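Chain and residue survey
The lines below spell out each chain.
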Amino acid sequence: MPNKCAIRDYYEMRRGGEVLCSGTVPNLGYPAERIRDMARNGIYLYKNGKRVKLCEVT
């Protein structure tokens, strides 16, 4: 039987290119309202290396 590895999405919070935190938990466990608040303060959510648009945050 072949070895099956689950590929997970990888999330990061960044500010000015600096990674503040990272992990595989969706949205790093933050609710959508908190992510929008952080974005207003220059901290952005990235998923698999690409910035997440605020309209996509659930």
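Conventions and cut-offs
Residues numbered from 1 in each chain as written. Predicted model: local features only at pLDDT ≥ 70, side-chain atom pairs only at ≥ 80, totals over all residues. Heavy atoms only, no water. Helix = DSSP H or I, 4+ residues; strand = E, 2+ residues; numbered from the N terminus. Rg over C-alpha atoms; globule rule 2.2 N^0.38 Å. Contact = heavy atoms within 4.5 Å. Buried < 20%, exposed > 50% of the residue type's maximum accessible area, 1.4 Å probe, protein only. Pairing = 2+ DSSP bridges.

This paragraph deals with the overall build of the protein chain. For the protein chain, the helix and strand inventory stands at 1 helix and 4 strands. Starting at the N terminus and walking to the C terminus, you meet the elements of the protein chain as β-β-α-β-β. A compact globule built from 58 residues should have a C-alpha radius of gyration of about 10 Å, whereas the protein chain, at 13 Å, is more than 25% larger. With the principal axes as the frame, the protein chain shows a C-alpha extent of 50 × 25 × 15 Å. For the protein chain, restricting intrachain contacts to residue pairs at least 6 apart in sequence, the fraction spanning at least 24 positions comes to 40%.

A word on unusual backbone geometry. The phi torsion of most residues other than glycine is negative, and most of the peptide bonds are trans. Notably, N27 is not glycine yet its phi reads approximately 55°, a positive angle. Within the secondary structure, N27 sits in the loop between strand 2 (18–23) and helix 1 (32–40). Residue classification places N27 among the buried residues on the basis of a relative accessible area of 13%. With a phi close to 55°, L28 is a non-glycine residue in the positive phi region. In this fold, L28 is placed in the loop between strand 2 and helix 1. The class of L28 is buried, set by a relative accessible area of 18%.

What follows covers the sheet that holds strand 1 (residues 11–15). Across the sheet, which stays open at both edges, the 4 strands sit in the order 2-1-3-4 with antiparallel pairing between neighbours. Only two strands of the sheet have a single partner each, and these edge strands are strand 2 and strand 4 (50–51). Where strand 3 (residues 44–47) and strand 4 come together, 2 bridges link them in antiparallel fashion. In the strand pairing of strand 4, K47 is matched with K50.

Right, let's get into the environment of G17. Residue position: G17 is located in the loop between strand 1 and strand 2. Once the C-alpha coordinates of G17 and M38 are considered, the two residues, 21 residues apart in sequence, prove to be 15 Å apart.

Everything listed here is a matter of coordinates, which is why it stays silent on function.
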